[in-house]
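Below, each chain spelled out in residue letters.
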Amino acid sequence: DEPRARAGVAPQWLSKALRASGLDGAALTDLAGRATLDLRVNTLTSDRATVLATLPEAEATPHAPDGIRLPTGTNVEALPLFNEGALEVQDEGSQIVGLAMQAKPGERIVDLCAGAGGKTLALAATMENQGVILACDTDRNRLSRLAPRATRAGATIVESRLLNPTREIEALSEWAGRADGVLVDAPCSGTGTWRRNPEARWRLTPDRVSRLQSTQQQVLSVAATLVKPGGALVYIVCSLLDAEGTDQVSWFLNAHPGWTTEPLSLPAGAKHGHGIRLEPGRDGTDGFFVARLRAAC
């Protein structure tokens, strides 16, 4: 005789937070859809036209300039092009928000939360293997996957560095004030990736979100010390919660006088607060928030 729980896309507290962040009922429902299998063509070794001609089952993604889409269930690792380094599995949304860094050949870039290096490798291709990319993370296992991926992709400008949590500034002292740009793909709740991780919505708690917010602010503060005068900082989260997105940019601007936000023009997404937000239903990608900030000269 127990009352049934009300059906919903997520726990009530989380649905309420997402609605407060500007998502309506239809957008919430879209979070439970099925993700596509997207890949990025590595322009260091190939181009999209060549890949599409080689893989008749592939199609171009609608927004990302180097993206292709394969049928769900394709064994990507069995593809010769993958083993030759011409392809990397990467959601189209992840490819799009990475463009916000606007990295150029010859620059010095820090990918502060690099993980296994998906955005690092995309940066190396954008920079045409000219310059330096320092890929950092506090997770040894995830970072260890970057070196073999970089070798396969032919990305020769990538250096990796394992960081000790809370001691990042000490470990990066020689980079202080010298980076042309810093990419912060911050740890987050992952509310934008439920299409791939549907169980995550039931594991998330308000306390977990609060702890993630503190981590995001700490990482942003570290990143600010690395950017040279006039340099750029790009903040990304695969979350649709304003508490982890535009609200964190507001916090950063208040805590770091002299910094400003810059308008972004990306191939998908819509302006949201201080940046741009991609949504699964509207854009057909994972959910992301991205903002670009500029240090005072």
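Scroll up to find the structure.
Residues numbered from 1 in each chain as written. Predicted model: local features only at pLDDT ≥ 70, side-chain atom pairs only at ≥ 80, totals over all residues. Heavy atoms only, no water.

Engineer: Go over the overall build of the protein chain with me, naming the residues and quoting the values.
Structural biologist: A tally of regular secondary structure across the protein chain gives 13 helices and 13 strands. Based on the C-alpha atoms only, the size of the protein chain along its principal axes is roughly 65 × 50 × 35 Å. When burial is assessed residue by residue, the protein chain has 52% of its 297 residues classed as buried. Contacts in the protein chain between residues at least 24 apart in sequence constitute 74% of all its contacts with a sequence separation of at least 6. About 13300 Å² of surface is accessible on the protein chain, with carbon and sulfur atoms providing 50% of the total. Counting 31 positive and 34 negative side-chain charges, the protein chain places the averaged centre of each group 3 Å from the other. (Helix = DSSP H or I, 4+ residues; strand = E, 2+ residues; numbered from the N terminus. Buried < 20%, exposed > 50% of the residue type's maximum accessible area, 1.4 Å probe, protein only. Contact = heavy atoms within 4.5 Å. Areas by Shrake-Rupley, 256 points an atom, 1.4 Å probe, with all protein chains shown as cover. Lys, Arg positive; Asp, Glu negative; His and termini not counted. Charge placed at Lys NZ, Arg CZ, Asp CG, Glu CD.)

Engineer: Kindly report on the environment of Arg 277, identifying the contributing residues and their values.
Structural biologist: Tracing the chain through its elements places Arg 277 in strand β12 (residues 275-278). According to the relative accessible area criterion, Arg 277 is buried, its value standing at 3%. Remark: the alpha-carbon pair of Arg 277 and Gly 245, spanning 32 residues in sequence, is separated by 8.9 Å. When neighbours within four sequence positions are excluded, Arg 277 is seen to be in contact with Ser 21, Gly 22, Leu 23, Leu 240, Asp 242, Gly 269, Ala 270, His 272, Arg 282, Asp 283, Phe 288 and Phe 289. In terms of polar contacts, Arg 277 uses its side chain to reach the backbone carbonyl oxygen of Leu 240, at 3.3 Å. Within the local environment of Arg 277, its side chain forms a polar contact with the side chain of Glu 279, the two groups lying 3.2 Å apart. (Polar contact = N/O pair within 3.5 Å; in protein donor to acceptor, adjacent residues only side chain to side chain.)

Engineer: Please give an account of the nonpolar core that cites residues and values.
Structural biologist: Ranked by internal contacts, the top residues of the largest apolar core, which has 63 residues, are Val 110, Leu 112, Val 182, Val 184, Leu 233, Tyr 235 and Val 290. Per element, the largest residue contribution to this core is seven residues, and it comes from strand β9 (residues 227-237). When sequence neighbours within four positions are dropped, the list of residues in contact with Val 110 reads Leu 134, Cys 136, Trp 175, Ala 179, Gly 181, Val 182, Leu 183 and Leu 226. Grouped together as the second largest cluster of nonpolar side chains are 14 residues, Leu 37, Ala 58, Leu 79 and Leu 81 included. (Core = buried A, V, L, I, M, F, W, Y, C linked by side-chain atoms within 4.5 Å.)

Engineer: Quick rundown of the sheet that holds strand β2 (residues 59-60)? Include the residues and the values.
Structural biologist: Taken in spatial order, the four strands make up an open sheet running β2-β3-β1-β4, and their pairing is antiparallel. One side of each edge strand has no neighbouring strand; the edge strands of this open sheet are β2 and β4 (87-89). Across four bridges, the pairing between strand β1 (residues 37-41) and strand β3 (residues 67-70) is antiparallel. When the bridges of β3 are listed, Arg 40 appears paired with Gly 67. (Pairing = 2+ DSSP bridges.)

Engineer: Give a detailed account of the pairing of strand β8 (residues 179-185), specifying residues and quantitative values.
Structural biologist: Remember that side chains alternate between the two faces of the sheet whenever the strand is regular. Most of β8 sits out of view: seven of its seven residues are buried. Bridge count between strand β5 (residues 108-111) and β8: three bridges; the pairing is parallel. Each bridged residue has a counterpart across the sheet, and for Asp 111 the counterpart in β8 is Leu 183. Pairing geometry for β8 and β9, over six bridges, is parallel. Bridging across to β9, Gly 181 finds its partner in Ala 232.

Engineer: Tell me about the pattern of salt bridges, and please be specific about residues and values.
Structural biologist: Taken as a whole and judged by the stated rule, the model has 18 salt bridges. With a shortest N-O distance of 2.6 Å, Asp 38 and Arg 69 are connected by a salt bridge. Residue Asp 38 is located in strand β1, and its partner Arg 69 is located in strand β3; the two are separated by 31 residues in the primary sequence. For the pair Asp 38 and Arg 69, one class covers both residues: buried. Linking Arg 196 and Asp 286 is a salt bridge whose minimum nitrogen-to-oxygen distance equals 2.8 Å. Residue Arg 196 is located in the loop between β8 and α10 (200-203), and its partner Asp 286 is located in the loop between α13 (280-283) and β13 (288-294); the two are separated by 90 residues in the primary sequence. Of the residues examined, Asp 286 reaches a relative accessible area of 4% and is grouped as buried. (Salt bridge = Lys/Arg side-chain N within 4 Å of Asp/Glu carboxyl O.)

Engineer: Just give me the short version of the environment of Ala 295, but keep the residues and values in it.
Structural biologist: Mapped onto the fold, Ala 295 is located in the segment after β13. Taking the relative accessible area as the measure of exposure, Ala 295 reaches 8% and is therefore buried. A C-alpha to C-alpha distance of 28 Å links Ala 295 and Gly 190, two positions 105 residues apart in sequence. Residues within four places of Ala 295 in sequence aside, it is in contact with Val 227, Lys 228, Gly 230, Gly 231, Gly 258 and Trp 259.

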